[in-house]
Amino acid sequence: MPTIVHCVFGLGCGGAERLLLTTVEGLHKRGYVDQHVLAADLSTEPMRHYVEAVSRYATVHEAPTHAELAEYTCSVPPLLRLLPRRILLNIVRHAVALKKISPDIVHVWSDNIYAALGACLANVPKIVIAWQNMALPVWHKLNILPRRALPRTYLWRVLYALLFRWRKDITCLNVSRAAADSYAQWLHLDSKSISVLYHGIDASQWIRNEGPEVAAFRKSLQIADDNAVVIGLMRLDATKRPELWIEVARRTREQFPNVSFVLFGDGPLRQKLIPLATRAGVMLAGVGNAHLALSMADIMLHTPKTDGLGVVYLEAQLMGVPLVSTDTGGAPEAVVNGESALLVAESDNLAHELTAATLKILRDEAWRERAAVQGAAFVKDRFSLENNLDNTLHYYGLPLFAR
């Protein structure tokens, strides 16, 4: 039985973490029961959101802290000793934990270069890197990352160069072709060397709830019975642009009063958003039940500056909820523009254009009904969980079911 370790930064409430849970569960059902999740940081409750759920299918570990490393020994090649001490310690943290587990396969989620280099240091036979977003230079170009973060971006470029020189057999994946191409350009790789592993989603878990729980949920949020509902599901940070989301809500409500806007999520901008939301008549609902939220929604509004391929696009379409979203990153690969969603290109009038798209869908019930059917069919075809698991195991070099 092969031992598989999934390396993540944390297990907070996010789309990538939900996908990790889905993958670990799916592989477990196929007989791959010796799975582990190695997190860089589980020190706070927000970083532990999915620990209990993931623990049903895998053993969860936290990498040792810098202080705890004194208890371990790890041979470090001379070239690595030239790295800044903090960077080297983060690599060693992962190497020490991986040596203890002794996996056959390490699956590095997101941009955890420390885990990837740690896997090399631990001599793991098979390393798979699965990036979940656009490359860091894209984030700088869009002013998501400040100029003071440029040194780290350049350093990570050097670390990746070191990684690919050290191990030439690493499998590289990303969640969309747009995101894969951004990494290929940044790291000077052949675009064909990065394969696209589309998200897998269990459609049976995303069936619209028409029961009394939805009515009770609406009532708890004080939503009028005759109001349409537009929701957002996002981390409240600069990447997702919740201020823009609230501004679109404000403009839409001025022209279509019988609509309630509910923004679900948490993050560093939450306190700053409270007065904006209050003035716009928007409810900030915190981290809620995504299934119930989508069950009551008529539209989902999404406003990221960039996104590799957000899982919320898939969840919304499966639940029959059409989307209005910025046209960025992997969004065109995640929806059928014009049929299950309206994608709006970046412009100086972005708030106005997003508002117009939202109003268009609110006023066209027939379009919403068609979108509900077309979106669900599209996701079931392209983002089948079984296809995702088949492809994941292919990249691991393992059979479709454990023997």
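Up top is the structure.
Predicted model only: the values in this text are computed from it and were never measured.

S.K.: Got a minute to help me understand the overall build of the chain in this structure?
M.R.: Assigned secondary structure in the chain consists of 16 helices and 13 strands. Seen through its principal axes, the chain has C-alpha atoms that stretch 65 × 50 × 40 Å. For the chain, the proportion of its 403 residues judged to be buried stands at 57%. Put simply, 68% of the contacts in the chain that link residues at least 6 apart link residues at least 24 apart. Accessible surface computed for the chain: about 17800 Å², of which carbon and sulfur atoms make up 51%. For the chain, the distance from the average position of its 42 positive side-chain charges to the average position of its 39 negative side-chain charges is 7 Å.

S.K.: I'm lost on the packing of aromatic side chains in this one. Help?
M.R.: Given two aromatic rings, their pairing is described by the distance between the two centres and the angle made by the two planes. All chains considered together, the criterion is met by ten aromatic pairs. Summarising the aromatic geometry, the rings of F378 and F383 are spaced 6.0 Å apart at their centres and angled 80° between planes, so their arrangement reads as edge-to-face. In this structure, F378 and F383 share a single accessibility class: buried. Through pairs of rings, three or more aromatic residues link up here, namely W131, Y160, F164, Y183 and W186. Its guanidinium or amino end placed over the ring of F401, R30 lies 4.9 Å from that ring's centre, counting from NZ or CZ. Its end group placed over the ring of W156, R152 keeps NZ or CZ at 5.0 Å from the ring centre.

S.K.: I'm lost on the sheet that holds strand β1 (residues 4–8) in this one. Help?
M.R.: Remark on secondary structure: sheet strands pair via backbone hydrogen bonds, oriented parallel or antiparallel. The strand order β3-β2-β1-β4-β5-β6-β7 describes an open sheet built from seven strands, whose pairing is parallel. Edge strands, defined here as strands with exactly one partner in the open sheet, are β3 (59–62) and β7 (194–196). Between one strand and the next, the sheet's axes are offset by a mean angle of 25°, whatever the strand orientation. Here strand β2 (residues 35–39) runs beside β3; their pairing, made up of four bridges, is parallel. Residue pairing for β3: V37 is matched across the bridge by V60. Against the sheet, helix α3 (residues 85–101) engages β1, β2, β3 and β4 (105–109), with an angle of about 165° to β2.

Definitions and cut-offs
Residues numbered from 1 in each chain as written. Predicted model: local features only at pLDDT ≥ 70, side-chain atom pairs only at ≥ 80, totals over all residues. Heavy atoms only, no water. Helix = DSSP H or I, 4+ residues; strand = E, 2+ residues; numbered from the N terminus. Buried < 20%, exposed > 50% of the residue type's maximum accessible area, 1.4 Å probe, protein only. Contact = heavy atoms within 4.5 Å. Areas by Shrake-Rupley, 256 points an atom, 1.4 Å probe, with all protein chains shown as cover. Lys, Arg positive; Asp, Glu negative; His and termini not counted. Charge placed at Lys NZ, Arg CZ, Asp CG, Glu CD. Phe/Tyr/Trp six-rings, centres within 6.5 Å; stacked < 30°, edge-to-face > 60°. Lys NZ or Arg CZ within 6 Å of the ring centre and 35° of its normal. Pairing = 2+ DSSP bridges. Axes fitted to C-alpha atoms, helices over the stretch in contact; angles between N-to-C directions.

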